[in-house]
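One letter stands for each residue in the lines below.
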Amino acid sequence: MNNNSSVDGIYLNSNTSLFLTSGNKIYLDGLGGHTYIQQSSNDVLDFYVGGDNMLKIDEGNNTTTLQGNLDVGDYITALGGIHVGGTSDPGTDNLVVDG
């Protein structure tokens, strides 16, 4: 017995797993809205809010890109170094501040 169902690129199996075909979106504000999650390419997940790509997680390049400000309520820890105001590698356990 096959308990799998599909409708226009959306698949639900008997284990209650949900699958989307590549390029489809999960809308969080209704049909055709502007807040959604999408796999934009292989191993890249994008979060759009108000139509803007606010968060990109890229496993292949080992990067997470955040647009706008990051507000932290307590403290931040990092393994490695931190470079503020630049993009070069600060080296392990270093803090580099430009400007």
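Nothing here was measured: the structure is a model prediction, and the numbers come from that model. (Residues numbered from 1 in each chain as written. Predicted model: local features only at pLDDT ≥ 70, side-chain atom pairs only at ≥ 80, totals over all residues. Heavy atoms only, no water.)

S.K.: I'd like to hear about the layout of surface pockets, residue by residue, with values.
M.R.: Roughly 280 Å³ of volume is contained in the largest pocket. Taken together, Thr63, Thr64, Thr65, Leu66 and Leu70 form the lining of the largest pocket. Split into classes, the residues belonging to the lining of the largest pocket amount to two nonpolar, three polar and no charged. (1 Å grid on protein atoms, 1.4 Å probe; cavity = no way out; pocket = protein on both sides within 12 Å on 5 of 7 lines; lining within 4 Å. Points joined across faces, edges and corners; volume = space filled by probe spheres on them. Nonpolar A, V, L, I, M, F, W, Y, C, P; charged D, E, K, R; others polar.)

S.K.: Kindly report on the pairing of strand 5 (residues 36-41), identifying the contributing residues and their values.
M.R.: Relative to strand 5, strand 4 (residues 25-27) runs antiparallel, the two being bridged by three bridges. Directly across from Lys25, in strand 5, lies its bridge partner Gln38. For strand 5 and strand 6 (residues 44-49), the ladder comprises five bridges, and the chain directions are antiparallel. Considered in strand 6, the bridge of Gln39 is made with Leu45. Between strand 5 and strand 6, which pair antiparallel and follow one another directly, the connecting turn spans two residues, one of which, Asp43, has a positive phi of 65°. (Pairing = 2+ DSSP bridges. Helix = DSSP H or I, 4+ residues; strand = E, 2+ residues; numbered from the N terminus.)

S.K.: Tell me about the packing of aromatic side chains, and please be specific about residues and values.
M.R.: Aromatic ring pairs are reported here in terms of the distance separating the ring centres and the angle at which the planes meet. The full count for this structure, using the stated rule, is two aromatic pairs. Taking the centre distance of 5.3 Å and the plane angle of 55° together, the rings of Tyr27 and Tyr36 count as tilted. Residue classification places Tyr36 among the buried residues on the basis of a relative accessible area of 11%. Look at Tyr36 and Tyr48: their rings are 4.7 Å apart centre to centre, the planes differ by 15°, and that puts the pair in the stacked class. (Phe/Tyr/Trp six-rings, centres within 6.5 Å; stacked < 30°, edge-to-face > 60°. Buried < 20%, exposed > 50% of the residue type's maximum accessible area, 1.4 Å probe, protein only.)

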